[in-house]
Amino acid sequence: MAMMPPSTPGTPTVAVAPQAIIIEPGSTSSIRQRRTGGKILSYALLTFAGLFFAIPLLWTISSSLQTWQELRSYVPHFLPEMPQWNNYIQVFTLVPFARWMLNSLTIVLINIPGTILTATLTAYAFARFNFVGKNVWFVLLLSTMMIPAIVTFIPQYLLFFNLKFIDTYIPLTIGSWLGGSAFMVFLLRQFIMTIPRELDEAAIVDGANPLRILFSVIMPLMKPALITVAILQFLADWNDFFGPFIYINTMLKYTAAVGLRTFQTMALEITDPRDHLLMAGAAIMTIPVLILFAVAQRYFVSGVVMSGLKL
Amino acid sequence: MANATTSLKVVSGRRRMSPAQRRQNLYGYLFLTPWLIGFFGLFIGPGLYSFYLSFTKYDVISAPIFVATRNYVDMFTKDDLFWSSLARTGYYAIVSVPLSVFGSMFLAILLNSKLRGITIFRTLFFMPSLVPLVASVILFKILLNSDFGLVNAGLRGLGIQDPPGWFADSRWSIPSLILVRLWGSLGGTQMIIFLAGLQGIPTELYDAASIDGAGAWQRTRHVTIPLLTPTIFFNTVLGVIGALQTFAAAFIATEGGPNFSTWFFALHIWKQAFDYFNMGYAAALAWFFALVIVALTLVQMRLSRRMVFYMGE
């Protein structure tokens, strides 16, 4: 270990050095030079990628505050001449955008408790009980992730059509009360399996039944995983387009996603180009997600990592 | 536990089941009930029903008429959009999946350094993945507008006299969609999964490589990338499944146009089902499509045995 060159502590720097591939371990000056070169290159690449991601975001804000004449000028205005805050008001007065957002939120609020309850129950069964046929059911659960949604979408539509559930939120919410998505069950199962069984056993000695153990021993310890699931459910519902698009017919019952898409082409009292208003709508629709991200940043990341690595 | 002695007597059939095992079955299936209802009611049931429908002609209004394998024969022989939409979907997947997987990996490698301000970059890269799909498609339709769009203004500024028409041009519509998806996904989940994968690589390996005289590029090539192959594999499998099913962005941006240039296979199924109400034919297309996706996934899993390196094996 004493021979270790000074350039290799902690996390590796994986920047691509432009010069010298072969280095003498010990010649500190050449390493330092190499590292500075690498750093500059890293920053250059990071900035380039950063611009690719940032420009459309900044343009959303800037263009949503412009007049349509500005936005349609041949030479683009990077900043609005005079910020048109009125655009944001117009989005709410021309179309029932507030109502659409509220509808999306309603679906989210119905689905989150559903998933938390039923996906946890399913995950608990798979993580803690050795019932007959368990492995078969588990493989079936995972295989549902591979089948394209469109295959079951058509017959599900026919099912809900025959049950007269069209134009209600039932088709959009029933799934989350029946186990949620396979992915979330899997994620929760992985998490429960990390909780020591000794805790269950201690509760059994105290006379607790399995449901009691779930609610008072396991679920309190699952808080990070449950928050992650709630976030994933929020994102799924907030972004869902085809579900509400096909099941909801009444304009006032639209979700924000369907509403924004319809806003592109729907007949309104104004006939001017509405790109600036669409941009304002896109920004408004994104704000709740950004707020959620700011509040619960670490759960976003942990959720992705938990779900991604062990499959 | 109290009624263990009584339950011993209720053993039925040939196989004796211990009271503990009975308990496991009872609670296991009890807690599984909501999911089982959903699995049969929303997945197996509808799946089997659509399999039946795929052998019928059904327009929702009148009862399904059994037509045997005609739908399956027709799709290969009579449907002009069948092969072209399949080819288009393949083109989209072949271009977008490698760009997206290796792009995310590259960004993750860049972010996995101890540079100052790296968290700002990480947050910035991640933010577009939070923008809802509908919002990002609308944003890019405006950005990529052939006359007034910011992108073409920039290209004209760079001296390109005749910039592409993007969504309005049938040669550029798929690249435009790929651009939207790359913007919205390169820095998202995939990149985070790669970052987690990178952090799982033991630093001793880099130390050893450095002692052997490996430079930064060689360390990336011979240490980082081989150890990331499980993550690459995972992201590729999911990426292919996702890319083949793509059509939400195409539907919102162009509804399959211009001139059918974004008419993907999943969109073809959708149009047959919900615009033309050819439910039987759409079900047949969907089943064919499911088989293609499952087969491709299994092939990838086969290939992975030779190409993926798992540590500790």
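For clarity, every value in this text was computed on a predicted model and none was experimentally measured.

## So, the overall build of chain A
(1) Moving on: Along the backbone of chain A there are 15 helices and 0 strands.
(2) Moving on: Looking at the 311 residues of chain A, the share that counts as buried comes to 41%.

## A few points about the overall build of chain B
(1) Moving on: Secondary structure assignment for chain B yields 14 helices and 2 strands.
(2) Moving on: At 26 Å, chain B has a C-alpha radius of gyration far larger than the 20 Å of a compact globule built from 313 residues.
(3) Moving on: Along the first, second and third principal axes, the C-alpha set of chain B runs to 85 × 65 × 35 Å.
(4) Moving on: For chain B, the proportion of its 313 residues judged to be buried stands at 41%.
(5) Moving on: The long-range share in chain B, meaning contacts at least 24 apart out of those at least 6 apart in sequence, stands at 67%.

## Points about the confidence of the model for chain A
Residues and elements named next belong to chain A.
(1) Moving on: Here chain A averages 84 in pLDDT, and 86% of its residues register 70 or above.
(2) Moving on: Of all the helices and strands in chain A, helix 15 (residues 297–309) carries the lowest mean pLDDT, 66, while helix 4 (residues 97–128) carries the highest, 96.
(3) Moving on: Within the model, pLDDT remains below 50 along residues 1–27, and this stretch shows 68 contacts once partners closer than five positions in the same chain are excluded.

## Description of the packing of helix 2 (residues 19–53) of chain B against helix 14 (residues 279–307) of chain B
All names here are of chain B.
(1) Moving on: Their axes nearest at 7 Å, the elements helix 2 and helix 14 cross at an angle of 115°. In this view, helix 2 runs roughly perpendicular relative to helix 14, as classed from their interaxial angle. The handedness of the crossing between helix 2 and helix 14 comes out as left-handed. In this structure, helix 2 contributes Ser50, Phe51 and Leu53 to the contact, and helix 14 contributes Met279, Gly280, Ala283, Ala286 and Trp287.
(2) Moving on: Grouping the constituent residues of the contact of helix 2 with helix 14 by class yields 6 nonpolar, 2 polar and no charged.

## Things to note about the domain arrangement of chain B
(1) Moving on: On domain assignment, one finds that chain B holds domain 1 (14–45) and domain 2 (80–307).
(2) Moving on: Here domain 1 of chain B and domain 2 of chain B have C-alpha centroids that lie 39 Å from each other.

## Things to note about the interface of chain B and chain A
How big an interface is tends to be reported as the loss of accessible area on association of its parts.
(1) Moving on: Tallying the contact residues gives 82 residues for chain B and 91 residues for chain A.
(2) Moving on: Among the elements that take part in the side of chain B that touches chain A, helix 2 of chain B stands out by supplying 18 residues, more than any other.
(3) Moving on: Across the side of chain B that touches chain A, the residue classes break down as 60 nonpolar, 19 polar and 3 charged.

## Quick word on helix 8 (residues 182–193) of chain A
Residue and element names in this part refer to chain A.
(1) Moving on: Along its 12 residues, helix 8 runs 16 Å from first to last C-alpha, staying within 8% of the 16 Å computed at 1.5 Å per residue.
(2) Moving on: In terms of burial, helix 8 is a largely internal element, 9 of the 12 residues being buried.
(3) Moving on: Considered for burial, the residues of helix 8 that qualify are Ala182, Met184, Val185, Phe186, Leu187, Leu188, Arg189, Phe191 and Ile192.

## Topic: unusual backbone geometry
Residues and elements named next belong to chain B.
(1) Moving on: Put simply, Gly257 and Pro258 share a cis peptide bond, and its omega is -15°.
(2) Moving on: For Pro258, the location among the structural elements is in the loop between helix 12 (248–253) and helix 13 (265–274).
(3) Moving on: Phi at Val60 is positive, roughly 75°, even though this residue is not glycine.
(4) Moving on: Mapped onto the secondary structure, Val60 falls in the loop between strand 1 (56–57) and strand 2 (65–66).

## Brief notes about the domain arrangement of chain A
Residues and elements named next belong to chain A.
(1) Moving on: The domains assigned to chain A are domain 1 (28–87) and domain 2 (88–309).
(2) Moving on: The straight-line distance from the C-alpha centre of domain 1 to that of domain 2 is 33 Å.
(3) Moving on: Across the boundary between the two partners, domain 1 contributes 12 residues, which contact 13 residues of domain 2.
(4) Moving on: Per-element accounting of the side of domain 1 that touches domain 2 gives the leading share, 4 residues, to helix 1 (residues 28–64).
(5) Moving on: When grouped by side-chain class, the residues that make up the side of domain 1 that touches domain 2 number 4 nonpolar, 7 polar and 1 charged.

## Digging into the nonpolar core
(1) Moving on: In terms of nonpolar packing, the biggest core is built from 142 residues, with Leu188 and Val229 of chain A together with Ile269 and Ala286 of chain B touching the most fellow members.
(2) Moving on: The greatest single-element share of this core, amounting to 13 residues, is contributed by helix 4 of chain A.
(3) Moving on: When neighbours within four sequence positions are excluded, Val229 of chain A is seen to be in contact with Thr115, Ile116, Ala119, Met184, Leu187 and Leu188 of chain A.

## Section: the packing of helix 3 (residues 70–77) of chain B against helix 14 of chain B
Residue and element names in this part refer to chain B.
(1) Moving on: Here helix 3 crosses helix 14 at 75°, and the two axes come no closer than 9 Å. Taken together, helix 3 and helix 14 sit at an angle that is classed as roughly perpendicular. Across the interface between the two elements, Asn71, Tyr72 and Met75 of helix 3 pack against Gly280, Tyr281, Ala284, Leu285 and Phe288 of helix 14.

Rules and cut-offs
- Residues numbered from 1 in each chain as written.
- Chains lettered and ligands numbered in written order.
- Predicted model: local features only at pLDDT ≥ 70, side-chain atom pairs only at ≥ 80, totals over all residues.
- Helix = DSSP H or I, 4+ residues; strand = E, 2+ residues; numbered from the N terminus.
- Buried ≥ 20, exposed ≤ 12 C-beta atoms within 10 Å, placed from the backbone.
- Rg over C-alpha atoms; globule rule 2.2 N^0.38 Å.
- Contact = placed C-beta atoms within 7 Å.
- pLDDT = per-residue confidence, 0-100.
- Axes fitted to C-alpha atoms, helices over the stretch in contact; angles between N-to-C directions.
- Parallel < 35°, antiparallel > 145°, perpendicular 65-115°, else oblique.
- Left-handed = near helix turned anticlockwise from the far one by under 90°.
- Nonpolar A, V, L, I, M, F, W, Y, C, P; charged D, E, K, R; others polar.
- Domains from an automatic or database assignment.
- Expected span 1.5 Å × (residues − 1).
- Core = buried A, V, L, I, M, F, W, Y, C linked by C-beta atoms within 7 Å.

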